[in-house]
Amino acid sequence: MLSDESARIYDRSAIKRLGDALVDDTTGTSPVSHLEEAGVFPPNMRLGWGALGVVGFPLAREHDRIVASAERKLGDMAQSLRGHRDELYTASGNVDTAEMENTENVRRI
Amino acid sequence: MSGGFKLPIPGGTPSPYESGGGGDLLWMQLTTLGEYAFAAAILPVLQKSVLKYGLTVPVDPQLLHKAADGWSAISGNVSASGESMRDQHDSVSAASWQALDRAAFGQKVTEFAMGSQAAADSAHRLSWILRVLANLWTAWIYFNFATATFTAWLALAGALSGGGRFYAEMQARSVALSIEQRLLVLRNEVLWDLFGLLVACGAAWGYDKILTNGLK
């Protein structure tokens, strides 16, 4: 664990790059693109009423409910990755602001 | 995508990403039902079989295989998502970013990777259950088709030639049962099916509560 006194290193471009890499979908290998691939649910994944006969309809209905909640969950996960990207941007921006203020202080002194 | 054992089904099992498809076993189920009904018309003691089988129609194992393939693909993608996030985080070296917020972000990465693994595990379990269910239903359809064809053939042969041990026994049992007794048998069958329905509700409840934590 880092303490406040230990050296802090911020490579702003590396932090931003990490944020971009989380949501980049040009190569199809980023976390978000994997999720989006998963999130595009197969069109006929829902079983409907006729898949398990009369006696199995509670199972078919429950399955379709689970499909709906999984779709929501994957959407939320992708959203949280975008949130992480924004946090990384903010972190990088904070460093910019701190440096700018530091430079101003030095100049004033 | 097409992983897992699949009992062969006429028409194959279409990919979950293709629209339409499925329902190729419906004709077999309807034929089975027709054969049971035909046999029951000759030998009323077989009415129970018509009711018992009728309540499981229509079943479409191809849809179940499709859903199983879909869950399997989802499982792989969700798991890959968590892994790639961890890899990307680890690829930023300590020489580029070393601070308290890095440790906090690392914690989030771990949480995300664990969450995605849990979701992938749930999806994998669902895929497995659906695969087993699809194969059991397929076996049930084939088994009943064979049984019904045989029963209908024996009933027809018996009615035409008036002989045969099976026919004689079934006819004797049909004659021995009064209408009230036959209704009683059918009522008991309905009660058993209601019980089956309750078990299915319980299974659905358990399936939802125990096996899908990662997907909520």
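Before going further, it helps to spend a moment on the interface of chain B and chain A. Between chain B and chain A, the residue contacts involve 56 residues of the former and 51 residues of the latter. At the surface where chain B touches chain A, the tally comes to one salt bridge. Note that Lys108 of chain B and Glu87 of chain A form a salt bridge whose closest N and O atoms lie 2.8 Å from each other. Of all elements in the fold, only helix 3 (61-91), strand 1 (97-98), helix 4 (100-161) and helix 6 (179-211) of chain B reach the threshold of two or more residues within the side of chain B that touches chain A. A total of 15 residues in the side of chain B that touches chain A trace back to one element, the largest contributor, which is helix 3 of chain B.

Applying the stated criterion across every chain, the model contains eight salt bridges over all chains. A salt bridge links Arg85 of chain A to Asp86 of chain A, with the shortest nitrogen-to-oxygen separation between them at 3.0 Å. Residues Asp69 of chain B and Arg131 of chain B are paired through a salt bridge, measuring 2.8 Å at the closest nitrogen-oxygen approach. Of this pair, Asp69 of chain B sits in helix 3 while Arg131 of chain B sits in helix 4, and the two are 62 residues apart along the sequence. Of the two residues, Asp69 of chain B and Arg131 of chain B, both sit in the buried class. It is possible to trace a salt-bridge network through shared partners that takes in Arg12, Asp96 and Glu99 of chain A.

What counts and how
All chains use their own residue numbering, which begins from 1 and follows the written sequence. Lettering of chains starts at A and numbering of ligands starts at 1, both following the order in which they are written. At least 70 in pLDDT is required for a residue's local features to be given in this predicted model, at least 80 for side-chain atom pairs to be given and counted, and no such filter applies to totals for whole chains, interfaces and linings, which use all residues. As a rule here, side-chain values come from all non-hydrogen atoms in the structure, and water together with hydrogens is ignored. Note on contacts: a residue pair is in contact if any heavy atoms of the two residues lie within 4.5 Å. What makes a salt bridge here is a side-chain nitrogen of Lys or Arg within 4 Å of a carboxyl oxygen of Asp or Glu, nothing more. A run of H or I in DSSP becomes a helix once it reaches four residues, and a run of E becomes a strand once it reaches two; helices and strands are each numbered from the N terminus. Here the term buried applies to any residue with accessible area under 20% of the maximum for its type, exposed to any over 50%, and partly exposed to those in between, with areas from a 1.4 Å probe on protein chains only.

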